[in-house]
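Residues per chain, in single letters:
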Amino acid sequence: DTGVSQNPRHKITKRGQNVTFRCDPISEHNRLYWYRQTLGQGPEFLTYFQNEAQLEKSRLLSDRFSAERPKGSFSTLEIQRTEQGDSAMYLCASSAGDRGYEQYFGPGTRLTVT
Amino acid sequence: AQSVSQHNHHVILSEAASLELGCNYSYGGTVNLFWYVQYPGQHLQLLLKYFSGDPLVKGIKGFEAEFIKSKFSFNLRKPSVQWSDTAEYFCAVSPGGKLIFGQGTELSVKP
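What comes next is a walk through the structure. No experiment lies behind these values; they were computed from the predicted model shown.

**So, the packing of aromatic side chains**
Evaluation of the coordinates by the stated rule reveals 17 aromatic pairs over all chains. An angle of 25° between the planes, with centres 6.3 Å apart, marks the rings of Y33 of chain A and Y35 of chain A as stacked. Per residue, the accessibility class of Y33 of chain A equals that of Y35 of chain A, and both read buried. On the numbers, 5.9 Å between centres and 55° between planes, the contact of Y36 of chain B with F101 of chain B is tilted. Here the residue Y36 of chain B occupies a position in strand 5 (residues 32-38), and F101 of chain B occupies one in strand 11 (residues 98-101), the gap between them amounting to 65 residues. Just as Y36 of chain B is buried, F101 of chain B falls in that class too. Ring-pair connections join several aromatic residues into one group, and the members of that group are Y33, Y35, F45, Y48 and F105 of chain A together with F34, Y36, F51, F90 and F101 of chain B.

**Things to note about the interface of chain A and chain B**
Interface size is commonly expressed as the accessible area that is lost once the parts come together. At the interface, 19 residues of chain A touch 16 residues of chain B. Between chain A and chain B, roughly 1500 Å² of surface is buried when both sides are summed, and carbon and sulfur atoms account for 56% of that area. Put simply, chain A and chain B have two salt bridges between them. The residue K49 of chain B makes a salt bridge to E102 of chain A at a minimum N-O spacing of 3.6 Å. Run the count over chain A and chain B and you get four residue pairs in polar contact (both at pLDDT 80 or more). Breaking the side of chain A that touches chain B down by element, the ones donating at least two residues are strand 4 (31-37) and strand 5 (44-50) of chain A. Residues of the side of chain A that touches chain B, tallied by class, amount to nine nonpolar, six polar and four charged.

**Remarks on the state of the cysteines**
Residue and element names in this part refer to chain A. Summed over all chains, the structure comprises two disulfides over all chains. Between the sulfur of C23 and that of C92 lies a disulfide, 1.8 Å long from S to S. Judged by the sign of its S-S torsion, about -70°, the bond between C23 and C92 is left-handed. Highlighted residues: C23 in strand 3 (residues 19-24) and C92 in strand 9 (residues 88-95), separated in sequence by 69 residues.

About the criteria used
- Each chain carries its own residue numbering, running from 1 in the direction its sequence is written.
- Chains carry letters from A onward and ligands carry numbers from 1 onward, assigned in written order.
- The predicted nature of this model means local features are confined to residues of pLDDT at least 70 and side-chain atom pairs, given and counted, to a pLDDT of 80 or more, with totals for whole chains, interfaces and linings taken over all residues.
- The basis for every side-chain value is the complete set of heavy atoms in the structure, and neither hydrogens nor water enter the calculation.
- Stacked, tilted and edge-to-face are the three classes applied to pairs of Phe, Tyr and Trp rings, where Trp contributes its six-membered ring and a pair requires centres within 6.5 Å; stacked means planes under 30 degrees apart, edge-to-face means over 60, and tilted covers the rest.
- With a 1.4 Å probe rolled over the protein chains alone, any residue whose accessible area is under 20% of its type maximum counts as buried; one over 50% counts as exposed, and the rest are partly exposed.
- Numbering of helices and strands runs from the N terminus; a helix is a DSSP stretch of H or I covering at least four residues, while a strand is a stretch of E covering at least two.
- Here, residues are in contact when the closest pair of their heavy atoms is within 4.5 Å.
- Put simply, buried area is how much 1.4 Å-probe accessible surface two parts lose in total, over both of them, once they are put together.
- Any carboxyl oxygen of Asp or Glu that lies within 4 Å of a side-chain nitrogen of Lys or Arg is treated as forming a salt bridge with it.
- Any pair of N or O atoms that falls within 3.5 Å is considered a polar contact. Within protein, one atom must be able to donate a hydrogen and the other to accept it, and sequence-neighbouring residues count only if both atoms are side-chain atoms.
- Three classes are used: nonpolar for Ala, Val, Leu, Ile, Met, Phe, Trp, Tyr, Cys and Pro, charged for Asp, Glu, Lys and Arg, and polar for all others, with Gly counted as polar.
- Two cysteine sulfur atoms make up a disulfide if the distance between them is within 2.5 Å.

Set out below in structure tokens:
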């Protein structure tokens, strides 16, 4: 296991379509995080899981966004009825330990909504 | 609200120059502090971290950072930059769990 992986790496979709992204964390890490990054900005927190439990969601996360982590392994992030403002890089990270400690990031999924 | 401010958006240096990137955060409690780096075409990588203890922490590739609690600052330093340090640098704080990032500083090092 060499790190956090994300699929797909790129996704182009039309406005109004649904998209789903997948993240596979480092195998022994119990925490998994989703962030969104737009050009010229730092990553912005979306949500995170400890094992299969979703512990926190950003207030910026609209109802069109949903994330799951069944069985505490991989996670999916779904965006329903995409809008052009959803175009961004979606980053996944994982960490070990109850305090979170350092997070290791995947390469991201770049979403373009046309 | 918790926030992180990086004062320099774009820094241009010549090789061998010294580097200091500013980072201030807004949070009243105990935090963990991080600097991440993103080289062109690569994903975010941890440069260094502070959890407790000695406020001067050393990271990879000759970088170091100093935590000054009274100033809510965690500035990144390197005595002599190289062309390969060209990248975007992000300061982040964690009150527990999530990371709160600054907007990033783009560093360009001229050979």
